[in-house]
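Inside the fold
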Amino acid sequence: MESIKKHFVVVHGVCHGAWCWYKVKSALESKGHKVTALDLAACGINTKQIEQVETFSEYSEPLLELLASLAPEENVVLVGHSFGGISIAMAMDKFPHKVEFAVFVSAFIPDTIHNPSYVLQKVYELNMISACLKFLVRKIGFDLDYCV
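The protein is annotated in an unreviewed UniProt entry as AB hydrolase-1 domain-containing protein from Arachis hypogaea.

All chains considered together, the criterion is met by 3 aromatic pairs. Seen in terms of ring centroids, Phe-56 and Tyr-59 are 5.7 Å apart; in terms of plane orientation they differ by 40°. Their pairing is tilted. Of this pair, Phe-56 and Tyr-59 both sit in helix α2 (residues 56–59), 3 residues apart, which is roughly one turn of that helix. The class for Tyr-59 is buried, based on a relative accessible area of 9%. Between the aromatic rings of Tyr-59 and Phe-83, the centroid separation amounts to 6.1 Å while the plane-to-plane angle is 55°, which identifies the pairing as tilted. One end of the pair, Tyr-59, is in helix α2; the other, Phe-83, is in the loop between β3 (76–81) and α4 (84–94), with 24 residues separating them in the sequence.

To continue, consider the environment of Leu-70. For Leu-70, the position within the fold is in the loop between α3 (61–69) and β3. Accessibility expressed as a relative area gives 10% for Leu-70, which makes it buried. Separated by 28 residues in the primary sequence, Leu-70 and Lys-98 have C-alpha atoms spaced 8.0 Å apart. The residues touching Leu-70, leaving out its near neighbours within four places in the chain, are His-7, Val-76 and Lys-98.

Scoring rules and cut-offs
- Residues numbered from 1 in each chain as written.
- Predicted model: local features only at pLDDT ≥ 70, side-chain atom pairs only at ≥ 80, totals over all residues.
- Heavy atoms only, no water.
- Phe/Tyr/Trp six-rings, centres within 6.5 Å; stacked < 30°, edge-to-face > 60°.
- Helix = DSSP H or I, 4+ residues; strand = E, 2+ residues; numbered from the N terminus.
- Buried < 20%, exposed > 50% of the residue type's maximum accessible area, 1.4 Å probe, protein only.
- Contact = heavy atoms within 4.5 Å.

Take a look at the structure:
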């Protein structure tokens, strides 16, 4: 059975560039897939200076331009690492018909339902609950390992 060949677009995280995907790119291409590794604005060999990047859309512009340039029937698999997850989420929002699916590799996945501080609030709440439980365990002498 012949496998279906895909077009992967791999997006780096902060302080990286397309170069960080060289092993993944080689491995996928050796299986016959098409792979596009690009440099976001002011990253890798992209010549834009960071001082010229004022919005997140400008930062993600190379990815958005790539998706806009695809043939009408072509779609891609987006792969975003770390902060690249925000860029691929934006691309998915702007070009839903161009994205077959997306892979978030240790990446930020935006929450489109809650406000931006929601995750931080939940982490804070969980830390507070954890701290309270630890305090109670110390006070009553109960071994928390038995609860796990």
